[in-house]
Amino acid sequence: MSKLGQVVESIENYNKFVLDQVKRARADEKFGRELLGRWNDIKAKIPVTRTPTGVPLPRLALPEIDEPGEIARYLFGEGLPGEFPYLNAAYREMYLEPVREIESFEKNGGKLDKKIPQTEEPTRLFSGLMLAEDTNERFHYLTRHQRTHRLSTAFDGPTLYGIDSDADGVFGKIGEGGVAIDTVEDMIRLYDGFDLGSPNFSASMTISGPAPIIMAMYIAAAKRRFGPKVVPKLRGTIQADIFKEVQAQNETIFPIEPSLRFLTDMVEFTTREMPRWYPISISGYHIGEAGSTPVQQAAYTLSNGFAYAEMFAERGIPIDQFGPRLSFFLDCGLDAEYIALSRVSRRIWAIGMRDVFGGGPKAQLFKLHTQTSGRSLIAAEFKNNLTRTAAELVLAYMNATNSCHSNSADEPFTTPSEEWIRLAAHGQAILLEESGIFKHTMNMLSGSPGMKAVERAVEAAILDEFREIERLGGVLAAVEERYQRSQIQNAAHRYEQQIYDGTRPIIGLNRYRDGEDDIPEVKLVRTPRAKQQLQVDRLAKFKKKNAEKAKRALDNLAAVVERGENCFPTLLEAVEVCSLGQITGRLQEVVGRFRPMV
């Protein structure tokens, strides 16, 4: 039995354990009294705050139960926020305002005598357009609408494939759909004006195939600006998820095994040297965008995560070192499964990491970034996308996501403009800061009978997917059989067929259309040819300046790879004088190119 098979067994065993605890609480009077006493103690210690209208609310909402069996079911089956198995939340408190005790509130006549300190908000907006300085300008615009600087970076097509901007046939793609990054000098421009070592700054980079190279460029850029002591202070995430690329997104540049090796090299280095960095974001979002069902998205993301954990452990990296550095990325659409999809994923991950991999509490945490569904955005009557995204944001925060990106309504047409990206940011601010839905009480919307029914159905369906992957020989064997990819394609076809035949209503598209098919006037964001030429000219200058050094660095990198050593430290040296395309090309000479499986 593989590790994934053991995970299935561990979930089943844990569910039996919960039922045993329920029965024990009802049969064993002493145990029942202990649970009831613990429950009453928990409730008695919950702080109380007031809403702006003066209504007192508990800081944590708990079900009104006093029967020992139901208390056991809650404490062991769900856990309090921040407690195993983390169904309700990874942390004890999320999104909440600082505590306002009723007594201190009333002493001041319902007024606060000092400004409430603000916690770091979960909003993380995604941006990338044209050249590095253009994206940098957008980053500075976005952070004017946020309390903390949490930047998420999109790269253009050539960069995602590890291709230089001067390569044949890519000129028109430079800076389109993301930012063009060819060299460490571009990386310096990208984050200019931001304190990369600050505890209030983090950078997320959405790139997988050439992720180790881009990661090395980021470190090199930080060292140039702030010196080598900044490296342990760097905070952020790089996607680096090779499995989802092969399963769904296609941006794979090396064969699978070398890709996984380069990834593991990077994880080994960053785990040792960069304790605040997440070197992989295991990404279901792109699986969902490729057409999967919500259950498939969660099942493939979780199984990929367990496969990475097994791979890193086999390298000899201790589970409690790399486990806390794993993060996850799911989308959130409007299907009913999203009411509890992330909650269930958090529980499955915690049980599997504890009972199969032996991970401690920090390694058990399923730390999640959520993005509202890009696939749900419709060009027809596109302003309706504001409502779709707002509903998806409520679902994401109901699931206690750690961070969140809200899509812009104009994305069916173009890279978001400042107007629509500002509205996307304000959507989260309205939900978290203006409304009282999440800022007063944890578990405000959790635990309804409907949510519990979805949780049970989703968990059973995810475990069925695990069993099928296990039957095929595990994640890598299933990838080689194209299992995940074929299932995603089948689901995508079914989704489109449902839209076509009307069984899946899309307001403004196949239901309640006003009869007009005119495309709205939307200004397209395009990269001017002059900027594209500037990027090519800069790259040529960089290559000419470093020609001799680049040759030696590439030879050294190839030799390290051929010897089977960890190549990431050598990559750090190479990016100082080599471009992205030069490094990718030389590595492909050594390990080969990715060829899609038929």
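Conventions used here
- Residues numbered from 1 in each chain as written.
- Predicted model: local features only at pLDDT ≥ 70, side-chain atom pairs only at ≥ 80, totals over all residues.
- Heavy atoms only, no water.
- Axes fitted to C-alpha atoms, helices over the stretch in contact; angles between N-to-C directions.
- Helix = DSSP H or I, 4+ residues; strand = E, 2+ residues; numbered from the N terminus.
- Parallel < 35°, antiparallel > 145°, perpendicular 65-115°, else oblique.
- Contact = heavy atoms within 4.5 Å.
- Nonpolar A, V, L, I, M, F, W, Y, C, P; charged D, E, K, R; others polar.
- Expected span 1.5 Å × (residues − 1).
- Buried < 20%, exposed > 50% of the residue type's maximum accessible area, 1.4 Å probe, protein only.
- Arc of directions from axis to C-beta.

(A) Representation of the packing of helix 1 (residues 3-27) against helix 2 (residues 29-44) within the structure. It is the contact of helix 1 with helix 2, at a shortest axis distance of 5 Å, that shows an interaxial angle of 105°. By the criterion of interaxial angle, the relationship of helix 1 to helix 2 is roughly perpendicular. Side by side, helix 1 and helix 2 meet where Gln-21, Arg-24, Ala-25 and Ala-27 of the first sit next to Glu-29, Phe-31, Gly-32 and Leu-35 of the second. Residue classes in the contact of helix 1 with helix 2 are distributed as four nonpolar, two polar and two charged.

(B) Layout of helix 19 (residues 483-501). Between its first and last C-alpha atoms helix 19 spans 27 Å; for 19 residues at 1.5 Å apiece the expected length is 27 Å, and the two agree. On its buried side, helix 19 packs onto helix 9 (242-249), helix 11 (285-289), helix 12 (294-315), helix 17 (449-471) and helix 18 (475-480). The first or second residue beyond helix 19 is Gly-502, which carries a positive phi of 90°.

(C) Molecular detail of the environment of Ala-290. Relative to the elements of secondary structure, Ala-290 occurs in the loop between helix 11 and helix 12. Residue classification places Ala-290 among the partly exposed residues on the basis of a relative accessible area of 30%. Every residue in contact with Ala-290, bar those within four places of it in the chain, is listed here: Ala-248, Ile-488 and Ala-492.

(D) Expanded view of helix 21 (residues 547-563). The end-to-end C-alpha distance of helix 21, which contains 17 residues, comes to 25 Å, matching closely the 24 Å that a straight helix rising 1.5 Å per residue would cover. Residues of helix 21 that are buried: Ala-550, Ala-553, Leu-554, Leu-557, Ala-558, Val-560 and Val-561. Along helix 21, the residues classed as buried sweep out an arc of 160° about the axis, all on the same side. Those residues of helix 21 that are exposed and aimed more than 90 degrees away from the buried face are Glu-548, Lys-551, Arg-552, Glu-562 and Arg-563. Contact partners of the buried residues in helix 21: helix 10 (256-273), helix 22 (568-574) and helix 23 (580-591). Phi for Gly-564, located one or two positions after helix 21, is positive at around 80°.

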